[in-house]
Amino acid sequence: MGHDHDHTHGANKKVLLISFFIISAYMIVELIGGIMTNSLALLSDAGHMLSDAISLGVGVLAFSFGEKVANQSKTYGYKRFEILAAAFNGITLILIALYIFYEAYNRFTNPPEVASSGMLIIALIGLLVNIFVAWFMMRNSDTDDNLNMRAAFLHVIGDLFGSIGAIVAALLIMFFNWAWADPLASVIVAVLVLVSGFRVTKDSVHVLMEGAPKGIELEEVISSIKQVDKVIDMHDLHIWSVTSGQHLLTCHVVVDGNLTITETQAIIDSIDHHMQQLGIGHVTIQIEHRDHAHDRSLLCNPNWNKS
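All values reported here derive from a predicted model rather than from experimental measurement.

**Considerations on the overall build of the protein chain**
Helices and strands together make up the secondary structure of the protein chain, namely eight helices and three strands. Going from the N terminus to the C terminus, the protein chain shows its helices and strands as α-α-α-α-α-α-α-β-β-α-β. For the protein chain, the C-alpha radius of gyration of 25 Å lies well beyond 19 Å, the compact-globule estimate for 307 residues. Across its three principal directions, the C-alpha atoms of the protein chain cover 85 × 40 × 30 Å.

In structure tokens, the structure reads:
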């Protein structure tokens, strides 16, 4: 499992680095084109691509930091840096969306002249670039489970829709002279960017708050542990993630009577095996007798909140 994680980690880093150079190069082209054509749709998309380049660069740094080994001051290593990078990317998405809303409002009240033909050509090329980068990420990296990769991928998807919006706006301006189509396309993209940014930020904060990993059913975990032979109860259950795909669990398991070292180890091994099947890779179990006193905490209280 550790080898697979390292392989995926290396693949994610390589994909981000290649995507960074592609996005950065075309961002410069789109920025110049947006200025020359006076298109807010292109400029907002260029601004979004700038944030893409920054987010991809931060993502590469996050994976690089994550490769550093644990030490006495960072006993978990630096893998949580990937989540910090995802949170940073989510927040930048939100800020970019808000700025686009502001600029679009000014354009609605006073629509400027837009060079629609140049805008169309640049937007079409941008669409092809974004489709390629999105395909490249989906095919060669973990955009589903790795939060850092997913945040970077959503940046690119936002760009893709931005290019589509710019194409539609350019066509409307060319054929119908609808100048308001340019800021409208920007607003539509901004909404998509805002939603993506909120989701990534929310998921990042959930990990940073050491919330239960998504995809891990708490009731299934409890049931699996209680079904182990000689286990009569459990308490102080905690499940959290260090980073995407690396989940940890600690709990106190209550047994009835005195057990030999072999019996105790068998219980621990059985629980560890069940947790591995559920996707929890690091398990710490404390074995206790029925009369062991403990503080009231998660699962000590039968009315604990499931939300």
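**With respect to the pairing of strand S3 (residues 282-289)**
In this sheet, S3 lies alongside strand S2 (residues 246-255) in parallel orientation, the contact comprising eight bridges. Residue pairing for S3: Val254 is matched across the bridge by Glu288. Handedness of the crossover is the feature at issue here: the chain leaves S2, passes through helix H8 (residues 261-277), returns alongside S3, and the resulting connection is right-handed.

**Structural notes on the environment of Ala70**
Structurally, Ala70 is set in the loop between helix H2 (40-66) and helix H3 (81-109). Setting aside residues up to four positions removed in sequence, Ala70 forms contacts with Thr75, Tyr76 and Gly77.

**Remarks on unusual backbone geometry**
Here the phi dihedral of Asn177 falls at roughly 60 degrees; this positive angle occurs in a residue that is not glycine. Take Asn177: it is sitting in the loop between helix H5 (147-176) and helix H6 (181-208). Accessibility expressed as a relative area gives 63% for Asn177, which makes it exposed. Phi is positive for Glu210, which is not a glycine, with a value near 60 degrees. On the accessibility criterion, Glu210 (45% relative accessible area) is partly exposed.

**Overview of the pattern of salt bridges**
What the rule picks out here adds up to two salt bridges. Its salt-bridge partner being Lys214, residue Asp203 comes within 2.6 Å of it at the nearest N-O pair. Here Asp203 is found in helix H6, whereas its partner Lys214 is found in the loop between H6 and helix H7 (218-226), with 11 residues between them in sequence. Residue class for Lys214 comes out exposed when judged on its relative accessible area of 64%.

**Section: the packing of H7 against H8**
The N-to-C vectors of H7 and H8 enclose an angle of 155 degrees; their axes lie 9 Å apart at closest approach. Between H7 and H8, the crossing angle belongs to the class labelled roughly antiparallel. Crossing hand, H7 versus H8: right-handed. Contacts between H7 and H8 involve Val221, Ser224 and Ile225 on the former and, on the latter, Ile271, His274 and Met275.

**As for the nonpolar core**
Counting residues in each nonpolar core, the largest one holds 35 residues, and the members touching the most others are Leu16, Met119 and Met137. Listed by contribution, the elements that provide at least two residues to this core are helix H1 (2-37), H2, helix H4 (116-140), H5 and H6. Counting 19 residues, the second-largest nonpolar core is a separate cluster that includes Val228, Leu237, Ile239 and Met275.

Conventions we followed
- Residues numbered from 1 in each chain as written.
- Predicted model: local features only at pLDDT ≥ 70, side-chain atom pairs only at ≥ 80, totals over all residues.
- Heavy atoms only, no water.
- Helix = DSSP H or I, 4+ residues; strand = E, 2+ residues; numbered from the N terminus.
- Rg over C-alpha atoms; globule rule 2.2 N^0.38 Å.
- Pairing = 2+ DSSP bridges.
- Right-handed = clockwise from strand over helix to strand, strands pointing away.
- Contact = heavy atoms within 4.5 Å.
- Buried < 20%, exposed > 50% of the residue type's maximum accessible area, 1.4 Å probe, protein only.
- Salt bridge = Lys/Arg side-chain N within 4 Å of Asp/Glu carboxyl O.
- Axes fitted to C-alpha atoms, helices over the stretch in contact; angles between N-to-C directions.
- Parallel < 35°, antiparallel > 145°, perpendicular 65-115°, else oblique.
- Left-handed = near helix turned anticlockwise from the far one by under 90°.
- Core = buried A, V, L, I, M, F, W, Y, C linked by side-chain atoms within 4.5 Å.

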